[in-house]
Amino acid sequence: MNRSSRRRVLAAVFSATAGLTMAAAVITVTHTAQAATTLGASAAEKGRYFGAAVANYKLTDTTYVGILNREFNQVTPENEMKIDATEPQQGVFSYTNADRIVNHARAQGMIVRGHTLAWHSQQPGWMQSMSGTALRSAMLNHVTQVATYYRGKIHSWDVVNEAFADGNGGARRDSNLQRTGNDWIEAAFRAARAADPGAKLCYNDYNTDNWTWDKTQAVYNMVRDFKTRGVPIDCVGLQSHFNSGSPYPSNYRTTLSSFAALGVDVQITELDIEGSGTTQANTYRSVVADCLAVARCTGITVWGIRDTDSWRASGTPLLFDGSGNKKAAYTSTLEALNAGGTTNPTTQPTTPPTTGPTTPPTTQPTTPPTTGPTTPPSGAGCSARVTLNQWGGGFVATVRVTAGSAPLSGWTVGVTLPSGAAVTNSWNTTATGSSGSVSFSNVGYNGSVAAGGATEFGFQGTGVGPSATPTCTAR
Ligand code: G3I
């Protein structure tokens, strides 16, 4: 398949999988007389992508880039979109390295997975030392800012990464984010949906491959709960880092199909398999066959290109050796892609998901609507301004409280919600009421605002967000 036909097929894949309103579309399958000769082309023929994690600093390595451009039709920045990379200082965002990868991928007709918006690890120092409502607010702001910056360019976001603990019990992982409240994951998903309604929103984790493991069941139960309650989630990422301690399980296909049956896509997001020779090749073959057997397993990403690029280089877990030569694992992977069954249209969903947006991202406003004054009140007292991120079924509101000519020792903001709307969650405030007239008062640490100064709180809800100017009462 030449590059232009590869791009046409990939465009069909992307349009069939990226927009939620398109989720019911039957994936176009292009039949060719001869077997495809690259991973990406073969996957595209099955209505899927085959990608790799890419490091920005390797984009000057011609062998690396040559393999990337030839073989893959999807890219995940390995580290460049993580929180420490994109918000190194609070409120100061840095996209240079991630942009290089995104621009390279898009120029090559590849789709991009975003990794990751909220994670206990690789937090910048300022975030590591935060807690409570300040951290919750900072996390949501990070999700909103980064997802908004990349709106329209990301096929799927790992919104939350690795939030469950290993071992028995299926508990959440203890972290500063978890300690902000058990609802931090769904809050992150709602903020991501508001910021980029066209991206698929994934929960991503490792050691969730074996269907019998408690961690797998715990993630499954969370996704089922999210789907039941309308929390916006579109996909589950199985990292699938396989080695002797966490081997490829014989029930892997059951895990993939069980998640898919919840009404989410499944993506194999960080595949690597330690080993060598025929054993390694056969395991890659099995993983690919399992994905192709599940219609909603929509793509596979290997976590690096050459063995020497891997975070586990000594385990030689990838498809190309250190010189860029194809390994036996490459051959078996390509054979499995070429041999796999085509996507079965009858197993695609017949009705669009109800939790997604009803409009494509291009129709979203480029700047969120605001309600309320943009300047401080001329006298004493306070004013409030609401910035709204609205999507089909809900909204996130960020409210800025600004003091007038006198300092505040406390404040209450009154918001009128339209009929049918309800507040489901709030941060940096105490809410009274959840529908109709709702008031939001300061919490302990943000009641004091200097003259002319400002503080922010937020809330999210179902239905249509407020459009009337909020009131602000100083105390
Ligand atoms: O860039 C610096 C370099 O300047 C410095 O000299 C060097 C010294 O240690 O560190 C370099 O940064 C390293 C970075 O990778 C880039 O190579 C970090 O120390 C190192 O911690 C970081 O490791 C990454 C790891 O996530 C961190 O958690 C790996 O590359 C990356 O492959 C790995 O990816 C994770 C996924 O995000 C989530 N799932 C598991 C997966 C594997 O751990």
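Residues numbered from 1 in each chain as written. Predicted model: local features only at pLDDT ≥ 70, side-chain atom pairs only at ≥ 80, totals over all residues. Heavy atoms only, no water.

Asker: Please clarify how the pairing of strand E9 (residues 297-302) should be interpreted in this entry.
Answerer: As a general feature of sheets, a regular strand has side chains that alternate between the two faces. Most of E9 is tucked away: six of the six residues are buried. When strand E1 (residues 49-54) meets E9, the two strands line up parallel, connected through four bridges. Looking at the pairing, Gly51 lines up with Thr301 of E9. Examined bridge by bridge, strand E8 (residues 265-273) and E9 share four bridges and lie parallel to one another. Following the sheet pairing, Val266 is matched in E9 by Cys297. On the question of chirality, the crossover connecting E8 to the parallel E9 by way of helix H11 (residues 277-292) is right-handed. (Buried < 20%, exposed > 50% of the residue type's maximum accessible area, 1.4 Å probe, protein only. Helix = DSSP H or I, 4+ residues; strand = E, 2+ residues; numbered from the N terminus. Pairing = 2+ DSSP bridges. Right-handed = clockwise from strand over helix to strand, strands pointing away.)

Asker: Explain the site of the ligand here, please?
Answerer: Close contacts around the ligand come from 13 residues, with Glu78, Lys82, His115, Gln122 and Glu270 the closest. With respect to the ligand, the side chain of Glu162 contributes an N or O atom lying 2.9 Å from a nitrogen atom. Between a nitrogen atom of the ligand and a side-chain N or O atom of Gln239, the distance comes to 3.0 Å. Considered on its own, the ligand offers 780 Å² of accessible surface; in the complex 47% of this is hidden by protein. (Near = heavy atom within 4 Å. Polar contact = N/O pair within 3.5 Å; in protein donor to acceptor, adjacent residues only side chain to side chain. Areas by Shrake-Rupley, 256 points an atom, 1.4 Å probe, with all protein chains shown as cover.)

Asker: Looking at this model, I keep getting lost on unusual backbone geometry. Mind explaining?
Answerer: Excluding glycine, residues mostly have negative phi values, and the peptide bonds linking residues are mostly trans. Following His115, the chain continues to Thr116 via a peptide bond in cis, the omega torsion being 0°. Structurally, Thr116 is set in strand E3 (residues 111-119). For Gln122, which is not glycine, the phi torsion reads 50° and is therefore positive. Topologically, Gln122 is positioned in the loop between E3 and helix H6 (125-128). What makes Gln122 partly exposed here is its relative accessible area of 27%. In this structure, Ser240 is a non-glycine residue whose phi angle is positive, near 60°. If you trace the backbone, Ser240 turns up in the loop between strand E6 (235-238) and strand E7 (241-242).

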